[in-house]
Amino acid sequence: MSKKEVLETTEAQIAVHWKEEELYYPSSKFIGQANLNDPAIFDKFSLDNFPDYYTSFAELLTWYKYWDEVLDTSDAPCYKWFKGGKLNASYNCIDRHLEKNKNKTAIHFVPELEEENVQHITYQELYVRVNEFAALLRDTAKLKRGDRVTIHMPMSAELPITMLACARLGVIHSVVFGGFSASASADRIVDSQSRVLIVTDAYYRAGNLLEHKKNADDAVKIAAEQGQVVDTVLVWERYPGKYSADTPMVEGRDISVNAELKKYYGKRVEPEQMLSEDPLFLMYTSGTTGKPKGCQHGTGGYLAYVTAMSKYIQDIHPEDVYWCMADIGWITGHSFIVYGPLALCASTVIYEGVPTYPDAGRSWRIAQELDVNIFHTAPTAIRALRKLGPDEPAKYNYDFKHMTTVGEPIEPAVWKWYESAVGKGRAAIVDTYWQTETGGFLCSTVPGISPMKPGSCGPGVPGIHPIIFDDEGKPVGPGIAGNICIQNPWPGMFQTIWGDRDRFVDTYFGMYNTKPDSKDWRDWPYLTGDAATVGEDGYYRVLGRIDDVINVSGHRLGTKEIESAALVADEVAEAAVVPVNHEIKGKEPDLYIALKPGIEATDELAKKISDVVCEQIGKIAKPRKVWLVPDMPKTRSGKIMRRVLGAISNKGDVGNVMTLANPEVVEEIKDMVDNS
Ligand code: WT7
């Protein structure tokens with residue numbers, strides 16, 4: 001093959017060359033007990049029956065008032081699901097279970113330090129703690145229905161307690177991933193106009209008690225500079241009664257939750273009767289431009305959807321012990337640690353720390369001790385566990401009936417280790433493909449019905465009707481790569497981008513909608529932003545993002561977001577970020593920097609720029625390497641050629657660069673990277 005042909009190989013051709021994987025079948029034992037094992041579900045959930053088939057999802061919940069309309073499309077593509085219905089998410093996750101199950105564990109909180117005992121919080125205790133904290137939010141923090149509050153907390157039992165207390169009052173929560181920086185927290189405070197920030201003083205990570213309260217001080221300061229005043233900071237204590245941060249509490253602004261709660265012992269708060277279409281929470285996610293998007297999720301549609309997905313795809317029964325290893329600060333944790341499992345009255349595990357701390361057997365000891373039978377994690381964690389302790393699972397006595405992989409494509413070899421070593425050949429596996437925006441799953445096999453295929457997520461879940469379009473909007477056939485879209489709306493879909501309906505419509509519907517005034521959902525296919533192929537068997541294989549987004553450890557980082565963070569350093573003239581393949585994280589950002597004239601390239605400066613990126617976004621965005629280059633490779637019209645930089649970082653073929661404005665710089669950069 002000539003150089004040119006190599007360069008122009010399309011993703012479709014790559015897909016065609018993939019080897020077909022063997023199918024794996026769930027055991028008859030699993031199928032026999034599965035919540036969903038009737039293949040007729042796919043007929044019932046055919047497009048002809050849309051949208052009424054979704055009422056069976058809503059019926060999993062307890063409503064104060066049933067809906068007037070299943071789907072209101074009058075403001076398409078901003079939809080209202082179960083319109084006019086009234087419910088409360090906190091009631092559905094707690095109160096309704098008390099009569100029969102108050103004594104059952106709702107949350108198993110596992111501290112990172114193995115010498116600290118696991119906390120088992122019953123539904124009754126969860127009820128008490130959520131009510132008392134809701135009273136505090138209402139009376140001390142003066143929060144009311146419709147207000148937004150930013151929550152910047154690590155993995156802890158207090159995090160879902162905080163979320164559910166907000167939901168009880170109808171306060172819209174916006175949880176920021178605990179590992180994000182103060183600056184990322186501030187951006188979200190400003191965008192959501194929060195006047196209350198809820199944090200934790202400290203938490204354990206890889207054996208160290210990390211100071212976290214300082215992030216609150218910095219975030220409040222940065223938010224104020226951008227015009228958003230935070231008047232109240234509520235601080236939970238990692239060790240109740242003992243403040244573990246170094247930064248002082250600020251008089252008149254900071255309130256120790258654990259001390260303040262004493263005023264509210266015994267208090268109960270009636271759940272607000274929320275409209276189904278009222279927002280439940282915001283979850284920010286990266287996009288192609290610098291500013292993260294606040295995905296607004298509704299109450300009734302979202303809760304119905306995640307409850308149904310937890311029941312039918314996660315196969316959660318009330319007697320199950322369910323461990324999703326994601327962080328609650330991401331959508332996976334919202335949907336599949338908190339809302340879905342608790343709505344089903346399951347026991348959900350929350351682990352504070354690192355899965356391989358203090359050793360590679362830790363995760364399996366937790367599974368053994370709590371007798372976890374449903375396990376949920378991401379390829380990045382599976383790769384790390386496999387690398388550090390390939391033989392560890394066999395040493396422990398646990399029995400998973402079901403396992404999930406989520407967040408990025410999984411390599412078939414990694415899938416097979418997950419199946420044989422972690423699942424011991426006995427667990428049904430689902431590869432769930434979805435997004436922050438979608439609230440719950442788009443594609444997955446139904447574990448009690450369909451066989452599994454390593455590396456493919458499977459068909460659309462019941463009710464979801466995917467389609468792959470080419471750039472012109474023509475559907476493409478099996479084996480051809482294109483843009484994967486969803487033809488129909490679904491209840492878990494986000495309602496809009498907070499405060500930016502135009503961006504919502506443009507980003508997700510602009511590409512294929514031809515009738516912007518249409519009220520017919522058929523005119524509004526949802527653009528996921530991923531490339532995919534479908535096999536003859538209807539199984540989808542996701543290839544990755546079509547936009548400038550890098551999937552690092554299963555999470556989205558906008559390249560623009562990292563580039564604008566780097567530009568905060570004074571010395572930087574231009575920044576370009578490209579994804580580099582990484583054995584465990586999947587991808588990592590490589591950061592190319594052109595300095596302002598007269599500034600000397602030094603290792604200290606490279607480190608400074610890397611630190612600035614971490615300060616602006618968080619450690620998750622830490623560049624693999626900062627390359628201080630003499631100039632960026634550019635087209636004659638001045639566009640930075642990220643594709644060329646990407647090829648250099650990945651030691652691939654840069655192709656023919658002679659048409660660039662400055663071809664000589666490519667060789668220089670290549671030498672620099674190859675010889676480092
Ligand atoms: C992007 C969404 C889904 C919740 C966690 C991440 C990629 C997600 C899969 C999968 C292949 C996947 C897509 C998607 N992705 N799941 N099973 N197979 N790719 O949520 O941060 O919103 O990222 O993650 O590219 O668009 P997110």
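Model, not experiment: these values are computed from the prediction.

Chemist: Explain the nonpolar core here, please?
Modeler: What tends to happen in soluble globular proteins is that the nonpolar side chains get buried as a cluster. Counting residues in each nonpolar core, the largest one holds 121 residues, and the members touching the most others are Tyr54, Leu126, Phe133, Ile198 and Tyr339. No other element matches helix α7 (residues 123-139), which puts nine residues into this core. Sequence-distant contacts of Leu126, defined by excluding residues within four places in its chain, comprise Ile94, Ala106, Ile107, Ile121, Ile161, Leu164 and Leu342. The next biggest cluster of nonpolar side chains, apart from the first, holds 33 residues, and it includes Val110, Val321, Trp364 and Leu370.

Chemist: Help me understand the sheet that holds strand β24 (residues 526-534), please; the structure alone is not making it clear to me.
Modeler: In any sheet, the strands associate via hydrogen bonds between backbone groups, in a parallel or an antiparallel arrangement. Taken in spatial order, the four strands of this open sheet run β21-β22-β24-β25, and their pairing is antiparallel. On the outer flanks of this sheet lie β21 (466-469) and β25 (540-545), each paired with one strand and no other. Neighbour-to-neighbour, the strand axes of the sheet open up by a mean angle of 45°, direction not taken into account. As paired elements, β24 and β25 share five bridges and run antiparallel to each other. Paired with Val534 across the two strands is Tyr540, which belongs to β25.

Chemist: Even after reading the chapter, I still don't get the packing of helix α8 (residues 158-169) against helix α13 (residues 331-343), so can you show me in this structure?
Modeler: Axis angle and axis distance: for two packed helices, these are the angle between their axes and the distance between the axes, and together they describe the pair. Axis separation between α8 and α13 bottoms out at 12 Å; the angle between their running directions is 60°. Our classification of the angle between α8 and α13 gives oblique. Helix-helix and strand crossings are classified by hand; for α8 and α13 the assignment is right-handed. Only His334, Val338, Tyr339 and Leu342 of α13 make contact with α8, whose side of the interface consists of Pro160, Met163, Leu164 and Ala167. A per-class count over the contact of α8 with α13 returns seven nonpolar, one polar and no charged.

Chemist: Explain the pattern of salt bridges here, please?
Modeler: Pairing is possible between side chains that carry opposite charge, provided their charged atoms lie close to one another. Enumeration over the complete set of coordinates arrives at 47 salt bridges. Here Lys263 makes a salt bridge to Glu260, at a shortest N to O gap of 2.9 Å. Assessed through its relative accessible area of 57%, Lys263 is described here as exposed. The exposure class assigned to Glu260 is buried, which follows from its relative accessible area of 12%. Between Asp611 and Lys607 there is a salt bridge, and its shortest N-O distance comes to 2.8 Å. With Asp611 and Lys607 both in helix α19 (residues 603-616), this residue pair falls four residues apart, about one helical turn. By sharing partners, the salt bridges in this structure join Glu114, Asp359, Arg362 and Arg365 into a single network.

Chemist: What is the right way to look at the sheet that holds strand β6 (residues 148-152) in this model?
Modeler: An order of β12-β11-β8-β6-β7-β14-β15-β23 is seen for the eight strands of this open sheet, with the pairing classed as mixed. Of all strands in the sheet, those with a lone pairing partner are β12 (254-256) and β23 (496-497), marking the two edges. In the sheet, strand β14 (residues 279-285) pairs with strand β15 (residues 293-298) via six bridges, with the strands oriented antiparallel. What sits directly across from Tyr284, in β15, is Gly294.

Calculation criteria
- Residues numbered from 1 in each chain as written.
- Predicted model: local features only at pLDDT ≥ 70, side-chain atom pairs only at ≥ 80, totals over all residues.
- Heavy atoms only, no water.
- Core = buried A, V, L, I, M, F, W, Y, C linked by side-chain atoms within 4.5 Å.
- Buried < 20%, exposed > 50% of the residue type's maximum accessible area, 1.4 Å probe, protein only.
- Helix = DSSP H or I, 4+ residues; strand = E, 2+ residues; numbered from the N terminus.
- Contact = heavy atoms within 4.5 Å.
- Pairing = 2+ DSSP bridges.
- Axes fitted to C-alpha atoms, helices over the stretch in contact; angles between N-to-C directions.
- Parallel < 35°, antiparallel > 145°, perpendicular 65-115°, else oblique.
- Left-handed = near helix turned anticlockwise from the far one by under 90°.
- Nonpolar A, V, L, I, M, F, W, Y, C, P; charged D, E, K, R; others polar.
- Salt bridge = Lys/Arg side-chain N within 4 Å of Asp/Glu carboxyl O.

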